[in-house]
Amino acid sequence: AVKDDPNNAMTENDLTEKSITPIGGFSHYGEVNEDWVMVKGTVMGCRKRLITLRKSLLPQVSRKATEKVELKFIDTASKMGHGRFQTSEEKAKFYGGAAQKKARKEATKAEAEE
């Protein structure tokens, strides 16, 4: 994973231009600014745990270990709450400037009260 590539979460099947960092950053961690490695499965321990990766001492011959991993999609939705948008542009397109409409409506009410 190259940290300088802004579209480092794109795959062959998902051509959305997005970064590996979810919208709003990772909970209790923030944004990914350095090189990163994706690990298959889970890692025991607390968040931000230091993990040492090393070459296996025994040759891995099982089918699970030798199969080629084909990554189809990387979820970059917000990890806080119920995230459903992969990019901030997608979110803005869905809401269609709802925040701007609300601000204009409040400004109109304020002018009417004066």
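Keep in mind the model is a prediction, meaning the values are calculated, not measured. (Residues numbered from 1 in each chain as written. Predicted model: local features only at pLDDT ≥ 70, side-chain atom pairs only at ≥ 80, totals over all residues. Heavy atoms only, no water.)

Within the chain, the regular secondary structure consists of three helices and zero strands. Ordered by position from the N terminus, the helices and strands of the chain form the series α-α-α. Seen through its principal axes, the chain has C-alpha atoms that stretch 80 × 30 × 25 Å. Classification of the 114 residues of the chain by burial places 14% in the buried group. Taken as a whole, the chain presents about 10300 Å² of accessible surface, with 54% of it coming from carbon and sulfur. Across the chain, the mean location of the 21 positive side-chain charges is 9 Å away from that of the 17 negative side-chain charges. (Helix = DSSP H or I, 4+ residues; strand = E, 2+ residues; numbered from the N terminus. Buried < 20%, exposed > 50% of the residue type's maximum accessible area, 1.4 Å probe, protein only. Areas by Shrake-Rupley, 256 points an atom, 1.4 Å probe, with all protein chains shown as cover. Lys, Arg positive; Asp, Glu negative; His and termini not counted. Charge placed at Lys NZ, Arg CZ, Asp CG, Glu CD.)

Glancing now at the side chain of T11. As for its position among the elements, T11 is in the segment before α1 (63-66). Here the side chain of T11 touches K72 through a polar contact of 2.8 Å, landing on its backbone oxygen. (Polar contact = N/O pair within 3.5 Å; in protein donor to acceptor, adjacent residues only side chain to side chain.)

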